[in-house]
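# A look at the structure
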Amino acid sequence: MQKAFLLETNTETGEVDEHRKLWVQDRIKELSYIFTIIVGNFSVMSNHMHLNLQTRADLTENLSAGEVAKRWLMLYPPKKSKTQKLTVEQWQAFENEIASNEKLVDKYRERLGSLSWFMKSLSEHIARMANKESNCTG
């Protein structure tokens, strides 16, 4: 098991991985536009973070099916392949497919208002970036 802190001194290079704090800040900002959760303030330390978040059920409930689809695809974009980008028409087709499926819309709407999904989307994204940079898994 790798025991590493997000902003701790890199034992191999001796450098402090402060740039990762920017990853966290950027991801929080990105998620604040996708989720219906208000970000008050936050603090990132070497081994944990504090976030002041407010759920807004009223915002979640008022999302149209189309808005749910757009936001969900911002969070989990479809991939054609690693080398090919989706066309505007293909992207719109994915949006329409989600928006026309009431069960999916309900499920994704609930997730877009969920603190658990917000934190999962933050932590998983940062962990993947750090693992890629450190050339490790886990």
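Up top is the structure.
For the structure given in this document, a descriptive report is provided here. (Residues numbered from 1 in each chain as written. Predicted model: local features only at pLDDT ≥ 70, side-chain atom pairs only at ≥ 80, totals over all residues. Heavy atoms only, no water.)

### Some thoughts on the pairing of strand β2 (residues 49-55)
Regular strands place their side chains on alternate faces of the sheet. For strand β1 (residues 37-44) and β2, the ladder comprises six bridges, and the chain directions are antiparallel. Note on β2: the bridge partner recorded for phenylalanine 42 is leucine 51. Hairpin connection between β1 and β2: a loop of four residues separates the two successive antiparallel strands. (Pairing = 2+ DSSP bridges. Helix = DSSP H or I, 4+ residues; strand = E, 2+ residues; numbered from the N terminus.)

### Section: the packing of aromatic side chains
Applying the stated criterion across every chain yields a total of five aromatic pairs. Members of the aromatic cluster, connected to one another through ring pairs, are Trp72, Tyr76, Tyr108 and Trp117. (Phe/Tyr/Trp six-rings, centres within 6.5 Å; stacked < 30°, edge-to-face > 60°.)

### Overview of the packing of helix α1 (residues 19-34) against helix α6 (residues 115-134)
At their nearest, the axes of α1 and α6 sit 10 Å apart, and the two run at 145 degrees to each other. Here α1 runs over α6; the crossing is right-handed. From α1, His19, Arg20, Trp23, Val24, Arg27, Ile28, Leu31 and Ser32 reach across to α6, where they touch Phe118, Ser121, Leu122, His125, Ile126, Met129, Ala130, Glu133 and Ser134. Counted by class, the contact of α1 with α6 contains nine nonpolar, five polar and three charged residues. (Axes fitted to C-alpha atoms, helices over the stretch in contact; angles between N-to-C directions. Left-handed = near helix turned anticlockwise from the far one by under 90°. Contact = heavy atoms within 4.5 Å. Nonpolar A, V, L, I, M, F, W, Y, C, P; charged D, E, K, R; others polar.)

### Some remarks on the side chain of serine 121
Considering the arrangement of structural elements, one finds serine 121 in helix α6. What makes serine 121 buried here is its relative accessible area of 4%. Within the structure, the side chain of serine 121 is placed 2.8 Å from the backbone oxygen of tryptophan 117, a separation counted as a polar contact. Beyond its immediate stretch of four places on either side in the chain, serine 121 contacts Arg27, Leu31, Phe35, Leu75 and Tyr76. (Buried < 20%, exposed > 50% of the residue type's maximum accessible area, 1.4 Å probe, protein only. Polar contact = N/O pair within 3.5 Å; in protein donor to acceptor, adjacent residues only side chain to side chain.)

### Overview of the environment of asparagine 101
With respect to the helices and strands, asparagine 101 occurs in the loop between α4 (88-99) and α5 (102-112). The class of asparagine 101 is partly exposed, set by a relative accessible area of 31%. C-alpha separation for the pair asparagine 101 and alanine 65, spaced 36 residues apart in sequence, amounts to 8.7 Å.

### Describing helix α3 (residues 65-75)
All buried positions along α3 are accounted for by Val68, Ala69, Arg71, Trp72, Leu73 and Leu75. Residues of α3 that are buried in the fold lie against α1, α4, α5 and α6.

### Digging into the pattern of salt bridges
Applying the stated criterion to the full structure yields seven salt bridges. Note that glutamate 133 and arginine 20 form a salt bridge whose closest N and O atoms lie 2.7 Å from each other. Of this pair, glutamate 133 sits in helix α6 while arginine 20 sits in helix α1, placing them 113 residues apart in sequence. Within the structure, one salt-bridge network assembled from shared partners comprises Lys120, Glu124 and Arg128. (Salt bridge = Lys/Arg side-chain N within 4 Å of Asp/Glu carboxyl O.)

### What to know about α6
Given a rise of 1.5 Å per residue, 20 residues ought to cover 28 Å, and the 28 Å separating the end C-alpha atoms of α6 matches this to within 8%. Among all positions of α6, only Phe118, Ser121, Leu122, Ile126, Ala130 and Asn131 are buried. Between the side-chain oxygen at the start of α6 and the backbone nitrogen of serine 116 there is a gap of 3.2 Å, and the oxygen is on serine 114. With its phi angle positive at about 55 degrees, asparagine 135 sits one or two positions after the end of α6. (Expected span 1.5 Å × (residues − 1).)

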